[in-house]
Amino acid sequence: MVQKIVHDWATKKRFLQFQFVFSFKFRDLNMIKDRVTLRELILEQYPYFKNVLGEVWKNPEGLLFIFDGLDEFKGRIDFADSRRDTEPQHQCPDPKWWCKVFDIVYSLIQHKLLPRCSVLVTTRPTALHLLEKAEISVWAEILGFVGEERKEYFTRYFEDQTVATAVFKHVEENEILYTMSYNPSPCWILGLTLGPFFTQTHQDRQRVPKTITQLYCYFIYNILKNHGRKIENLCEVFLRVGQMAFTGVAEKNIVFTDGDLIKYNLQPSQFLSGFLMELLEREDSAWSMVYTFPHLTIQEFVAELAQFLTVDPGNILKFVADSHSTTDGRFEVFLRFVAGLSSPWAARGLEEFLRPFPNETTCRVIDWVKEEVQQQAGNTRSQAGKRSLLNTLHYLFESQNPALAQQILGSVKTLSFRGLGLTPIDCAVLSHAIRPCGTIKHLDVECCRIQCEGLQRLGPALHKCQELRLGGNDLGDSGVKLVSAALRNPDCKIQRLWLQCVGLTDSGAVDLTSALSTNPSLTELELELRGNSLTDRSVPALRRLILNHPRLEWIWLGGNAFSASRQNQLKSLRGIRHGLRVEL
């Protein structure tokens, strides 16, 4: 994305308001240990500016600074620390002022340094919380491939269009794999790993990966199979790669040097190139070779695999507890893989090249997942608690253990994620957790930025919930139709339904009231539809619902565009049945 922005600016396709763009990577800024000036920082990468920077500073509104990958930064930029504005050692008011790198970045973002310049910061979601207190005017989530673009990727990836169609069909039908395919790197992994299942007749189609853990198990299996035959002590070499990967995860490092390889008794080879990409990087006016995994999640999986095989089973609970206790999210995906390897057959193929997976470790991990979900389910008053619960549900999904999900969530009364942003993957995981259960008393996903795609992933589980809060999400009529489908389910348990401010129009309201009217299983019904785009056209359907639904106890319709006469018609229905409340 950053390369695209710079390229579009350089070719004058857009961003013409900027005279100069200075782009930095946080992983490179990690190398700077001493104090530095913004001037020196720029000249290190852009030495040809040496004689003109004085003129550049005079027009700060023509400058764009890009800082890429905040999640990789080892320093800490605390925007909630008010001391930065009062203590001189943390202030950076001038481009020639000597200070720490994170003080320069902080001062630029907070408009203390070169006011009126523009600053773009990118990060993975794990470090997004660091920017919550920053003075940022625009936030954007990069969605990647949308719609037909995902299909187009696989069409271009495979020469054989029959294979391309089969692979995409499998991805599209699998909610987790499909929602991760918005990103080009996972698409590449999907194509590389799934392709053989649809081209080689001996592959068992029933074993096609359905979770990210299963996908990466086959990805690693293929590397070991194709590049590891001639490696002596293959398992030991792989475990050393895994230990290096784990140290990188722990230290937030995704770039490795020759010194790192020497430390772990590794050397560049065809086998190692299956895991690591070789990149040339400039340091101190010289070029050197560095190494990085094709994607951070591959590094996390290789790291987790090594730990699963080497940590003593008696210490595995302490290991996962220590990893889980970190607050910056660096072990979030790593722990999902820990849970995923407890699945009965996820890593079975890897045992052909590596050592057997300890059964005691598997059992202890399952117990840990169970305890975590039960503990976090009752701890959702804070955003951090909600995030922790969501993470544990990801663990539950990767374990692919429906009986465990039913056992754990069968006694849970409330699942609340109100105000926490949920991605389509999160929604798919939540749906997977709820589906084996009989009934969930209360599901609250209000103001979670769920759009139609997210609700589509939740759809198969909605009818299991007695109380369902969906307000404050941009669902539109197409999203509400999914709710209507849940209401038409013969096993529907919904009794209270909150749909305020979801973009509902008259068309959706007619479909919704029809679904409510035809569902005989509802024992009671409370319905909130305030703050939508309903007009007089929907009033006849709403009147029929109020008049004819014997179990309707309360309906709230305020904040819609009803005329005064239609409002009076609805108000007049308040006294038709004892206990019925019609709020306008």
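Everything quoted here is computed from the prediction, not taken from an experiment.

Participant: For the overall build of the protein chain, give the residues involved together with the corresponding values.
Facilitator: What the protein chain contains, in helices and strands, is 25 helices and 12 strands. For the protein chain, the spread of C-alpha atoms along the principal axes amounts to about 85 × 65 × 50 Å. In the protein chain, which comprises 584 residues, the share counted as buried stands at 51%. Within the protein chain, counting contacts between residues at least 6 apart in sequence, those at least 24 apart form 74% of the total. Accessible area of the protein chain: about 27600 Å², with a carbon and sulfur share of 50%.

Participant: With reference to specific residues and values, describe the pairing of strand S8 (residues 465–469).
Facilitator: Within a regular strand, the side chains alternate between the two sheet faces. Summarising burial for S8: four of the five residues are buried, a large majority. Where strand S7 (residues 440–444) meets S8, four bridges bridge the pair, whose relative direction is parallel. Within S8, the residue paired with Ile-440 across the bridge is Cys-465. Crossover S7 to S8 through helix H21 (residues 452–462) is right-handed. Judged from the three bridges that link them, S8 and strand S9 (residues 496–498) form a sheet pairing that is parallel.

Participant: How would you sum up H21? Please name residues and give values.
Facilitator: Turn by turn, an α-helix covers 3.6 residues, leaving residues three or four places apart pointing in a common direction. Along H21, the residues that are buried comprise Gly-454, Leu-455, Arg-457, Leu-458, Gly-459, Ala-461 and Leu-462. Where H21 is buried, its residues meet helix H8 (175–180), helix H20 (424–434), S8 and helix H22 (476–487).

Participant: Which residues make up the state of the cysteines, and what values go with them?
Facilitator: What is meant by a disulfide is a covalent connection between two cysteines, made through their sulfur atoms. Scanning the model with the defined rule gives zero disulfides in all. No disulfide involves Cys-492; its sulfur sits 9.3 Å from that of Cys-465, the nearest cysteine. Residue class for Cys-492 comes out buried when judged on its relative accessible area of 3%. Of all cysteine sulfurs, the one in Cys-447 lies closest to Cys-501, which takes part in no disulfide; the gap is 8.0 Å. Take Cys-501: its relative accessible area is 38%, and that puts it in the partly exposed class.

Participant: Any details on the confidence of the model for the protein chain? Residues and values, ideally.
Facilitator: Mean pLDDT over the protein chain works out to 88, with 97% of the residues at or above the 70 mark. Model confidence for the protein chain, summarised as mean pLDDT per element, is weakest for strand S4 (residues 277–283) at 76 and strongest for strand S2 (residues 63–68) at 96.

Participant: Talk me through the environment of Leu-422; I want residue IDs and the actual numbers.
Facilitator: Topologically, Leu-422 is positioned in the loop between strand S6 (414–416) and H20. In this structure, the C-alpha to C-alpha distance between Leu-422 and Val-445, residues 23 residues apart in sequence, is 8.4 Å. For Leu-422, the contacting residues outside a window of four places in its chain are Leu-390, Phe-417, Cys-427, Val-445, Cys-448, Arg-449 and Ile-450.

Participant: Before we move on, could you go through unusual backbone geometry and cite the residues and values that matter?
Facilitator: One non-glycine residue, Phe-15, lies in the positive phi region at around 60°. Here Phe-15 shows up in the loop between helix H1 (2–10) and strand S1 (20–25). Phe-15 gets classed as partly exposed once you look at its relative accessible area, which sits at 28%. A positive phi angle is found at Lys-252, which is not glycine, with a value near 55°. With respect to the helices and strands, the residue Lys-252 is situated in the loop between helix H11 (234–250) and helix H12 (258–263). You can call Lys-252 partly exposed: its relative accessible area is 23%.

Participant: I'd love a proper account of the packing of aromatic side chains, names of residues and values included.
Facilitator: Across all of its chains, the model carries 37 aromatic pairs by this definition. When the ring of Phe-168 is compared with that of Tyr-178, the centres are 6.4 Å apart and the planes differ by 65°; the resulting orientation is edge-to-face. On the criterion of sequence distance, the pair formed by Phe-168 in helix H7 (residues 161–173) and Tyr-178 in helix H8 is long-range, its members being 10 residues apart. The same class applies to Phe-168 and to Tyr-178, which are both buried. Its end group placed over the ring of Tyr-178, Arg-150 keeps NZ or CZ at 4.5 Å from the ring centre. The ring centre of Trp-498 lies 3.9 Å from the NZ or CZ of Arg-469, which sits over that ring.

Participant: Lay out the pattern of salt bridges with the relevant residues and their values.
Facilitator: Side chains that carry opposite charge are capable of pairing whenever their charged atoms lie near each other. A complete count under the given rule lists 22 salt bridges for this structure. Notably, a salt bridge pairs Arg-355 with Glu-236, separated by 3.0 Å at the nearest N-O pair. With Arg-355 in the loop between helix H16 (332–340) and helix H17 (359–377) and Glu-236 in helix H11, this residue pair connects regions lying 119 residues apart in the sequence. Its relative accessible area of 38% is what places Glu-236 among the partly exposed residues. Salt-bridge contacts for Glu-467 lead to Arg-496; the nearest nitrogen and oxygen are separated by 3.3 Å. Of this pair, Glu-467 sits in strand S8 while Arg-496 sits in strand S9, and the two are 29 residues apart along the sequence. Classification of Glu-467 as buried rests on a relative accessible area of 14%. Through salt bridges with shared partners, a single network forms among Arg-27, Asp-71, Glu-72 and Arg-124.

Calculation criteria
- Residues numbered from 1 in each chain as written.
- Predicted model: local features only at pLDDT ≥ 70, side-chain atom pairs only at ≥ 80, totals over all residues.
- Heavy atoms only, no water.
- Helix = DSSP H or I, 4+ residues; strand = E, 2+ residues; numbered from the N terminus.
- Buried < 20%, exposed > 50% of the residue type's maximum accessible area, 1.4 Å probe, protein only.
- Contact = heavy atoms within 4.5 Å.
- Areas by Shrake-Rupley, 256 points an atom, 1.4 Å probe, with all protein chains shown as cover.
- Pairing = 2+ DSSP bridges.
- Right-handed = clockwise from strand over helix to strand, strands pointing away.
- Disulfide = S-S within 2.5 Å.
- pLDDT = per-residue confidence, 0-100.
- Phe/Tyr/Trp six-rings, centres within 6.5 Å; stacked < 30°, edge-to-face > 60°.
- Lys NZ or Arg CZ within 6 Å of the ring centre and 35° of its normal.
- Salt bridge = Lys/Arg side-chain N within 4 Å of Asp/Glu carboxyl O.

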